[in-house]
Amino acid sequence: GNIAFNHVEGNPLIVTAGVDRIRVRRRPDIGADQYLSGKVTWVGSSSMEIRMKISASDDGDGGPEWLEAYFTFVTLDPETKRAIKISPLLPETDEERVHFELGAVKAQAKKTARKSKFQLGLALSGESLKIDSRAAQLLDEAGTLLRMPSLADPNTILMNQTEQSNAMVAQPQARNLHDRIFGGFLMRRAFELAFATAYMFGGDKPRFLEVDDISFDKPVDVGDLLVFKSRVLYTLPEGGNLGTYVDQHDGLPLVNVEVGCWVTCPETRKAEVSNHFYFTFALPNKTSCRRVLPANIDQARRQALRMSVDETQAELRP
């Protein structure tokens, strides 16, 4: 937030639009000093991407980074709440140009994803057709588990059976500068539920690797009733490749957990999604885990979409 304010002119309203990913590169030394730093890596017309990193060192030079995160902020007019233009960014070094180009690619990918979302009355895009085909295949694989569970592969489980939830009332001590609930507080609560979900699913204390694609769809006010719901979206029982940039995970079972935060109003009997979070954990002491399968077409599409997004994201990792 401080870095974003230093980049803009005047006193605009700066809001967190999303978090692209937070990933752990290696296990930190808890006994060493920790250094938090960041910089603007890409700027659009009214939004900017900021890369944050944490490094640990005993000798005060900062040392190699062990955690990386990308945040997207949008600048708004304080009165009209409309987007306003901000100062452009001029990359000078090769490293800055790489980060800038990567930010531009990710921004364009997000725009394309928004345009390709299903809309009633419009023809499905090629990407949507691929996701629907993959979803149909996943649902077909779940057929035995749905219709003849006693004969199904014992190493499979339905997504419904992995669900967990909790509820809380937003308290004033978690407010930000705009008197709304701080997004970091919601991220922490989501992480705690995701960790517990992966722990109960895998039977092994999970190792956090990354959280990706955090959306902030609706602001949360003090006094709001928040309902967090989690489930294991999919697993890679034999392990997967998140890239060499992520903490060592070769051959470890991977668990992807989805957490949704709902602002719930019992008086009006309505609930609106505030945030979605996608966490990836490894099971360090396991050689495999159960494969999660969808119970209906909606779950199948959700699973297929997330798999596709993660595979695309992997291609953008350095």
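One can find the structure itself at the top, above this paragraph.
Within every chain, residues take consecutive numbers counted from 1 along the sequence as written. In keeping with the model being predicted, local features are shown solely for residues with a pLDDT of at least 70 and side-chain atom pairs are shown and tallied solely at 80 or more, while totals for entire chains, interfaces and linings include all residues. Only hydrogens and water are removed before side-chain values are computed, so all heavy atoms of the structure are retained for them.

**Comments concerning the overall build of the protein chain**
Inference 1: Runs of H or I in DSSP of at least four residues are treated as helices and runs of E of at least two as strands, each being numbered from the N terminus. Looking only at helices and strands, the protein chain features six helices and eleven strands.
Inference 2: For 318 residues, the compact-globule estimate of 2.2 N^0.38 gives 20 Å, and the C-alpha radius of gyration of the protein chain, at 21 Å, lies within 12% of that figure.
Inference 3: Each principal axis of the C-alpha atoms in the protein chain carries an extent, and together these give about 65 × 55 × 40 Å.
Inference 4: For the protein chain, the residues scored as buried account for 43% of the 318 residues in total.
Inference 5: Residue pairs in contact within the protein chain that sit at least 24 positions apart in sequence constitute 74% of those at least 6 positions apart.
Inference 6: To measure how exposed things are, a 1.4 Å probe is used in the Shrake-Rupley method; for residues, cover is taken only from the protein chains shown. Working note: accessible area of the protein chain is about 17500 Å², and carbon and sulfur atoms make up 53% of it.
Inference 7: We treat Lys and Arg as the positive residues and Asp and Glu as the negative residues; His and chain ends play no part in the count. Positions of charges follow a simple convention, taking NZ of Lys, CZ of Arg, CG of Asp or CD of Glu. Across the protein chain, the 39 positively charged side chains and the 42 negatively charged ones have centroids separated by 5 Å. What the globule rule says is 2.2 Å times the number of residues to the power 0.38, and the radius of gyration is computed from C-alpha atoms. Remark: exposure states derive from per-residue accessible area (1.4 Å probe, protein chains only) relative to the maximum for the residue type, with buried under 20%, exposed over 50%, and partly exposed in between. Any two residues having at least one pair of non-hydrogen atoms within 4.5 Å are treated as being in contact.

**What about the pattern of salt bridges?**
Inference 1: Within this document, salt bridges are pairs made up of a side-chain nitrogen of Lys or Arg and a carboxyl oxygen of Asp or Glu, the two lying within 4 Å of each other. With the rule as written, the count across this model stands at 17 salt bridges.
Inference 2: A salt bridge links R51 to E65; its shortest N-O distance comes to 2.6 Å. In this pair, R51 sits in strand β3 (residues 47–57) while E65 sits in strand β4 (residues 65–76), placing the two residues 14 residues apart along the sequence.
Inference 3: The exposure class assigned to R51 is buried, which follows from its relative accessible area of 8%.
Inference 4: For the salt bridge of R306 with D310, the shortest nitrogen-to-oxygen distance reads 2.9 Å.

**Some details on the packing of aromatic side chains**
Inference 1: In summary, the pairing rule links any two rings of Phe, Tyr or Trp, Trp by its six-membered ring, whose centres are within 6.5 Å, and it sorts them by plane angle into stacked for under 30 degrees, edge-to-face for over 60 and tilted for everything else. If you walk through the whole model with that rule in mind, you get nine aromatic pairs.
Inference 2: Where F191 meets F281, the ring centres are 6.1 Å apart and the plane angle is 35 degrees; that geometry is what we call tilted. Here F191, found in helix α5 (residues 183–202), pairs with F281, found in strand β10 (residues 270–282); they are 90 residues apart in sequence, far enough to count as distant.
Inference 3: Residue class for F191 comes out partly exposed when judged on its relative accessible area of 29%.

**Overview of the sheet that holds strand β8 (residues 225–236)**
Adjacent strands of a sheet form backbone hydrogen bonds with each other and so pair up, either parallel or antiparallel.
Inference 1: Strand pairing is assigned whenever DSSP identifies at least 2 bridges connecting the two strands. In spatial order, the strands read β2-β3-β4-β1-β7-β10-β9-β8-β6; together these nine strands make up an open sheet with antiparallel pairing. Each edge of the sheet is formed by a strand with only one pairing partner; in this case those strands are β2 (33–43) and β6 (164–169). In this sheet, adjacent strand axes meet at a mean angle of 25 degrees when their direction is disregarded.
Inference 2: Where α5 meets the sheet, its contacts fall on β1 (13–24), β6, β7 (207–216), β8, β9 (254–265) and β10, and the angle it forms with β10 comes to roughly 55 degrees. Axes here mean lines fitted to C-alpha atoms, for a helix over just the part in contact, with angles spanning 0 to 180 degrees between N-to-C directions.

**Remarks on the state of the cysteines**
Inference 1: Here, a disulfide means two cysteine sulfur atoms that sit within 2.5 Å of each other. Evaluated as defined, the whole model comprises zero disulfides.
Inference 2: Summary of cysteine pairing: C265 is not part of a disulfide, and the nearest cysteine sulfur, belonging to C261, is at 15 Å.
Inference 3: On the basis of relative accessibility, which here comes to 29%, the residue C265 falls in the partly exposed class.

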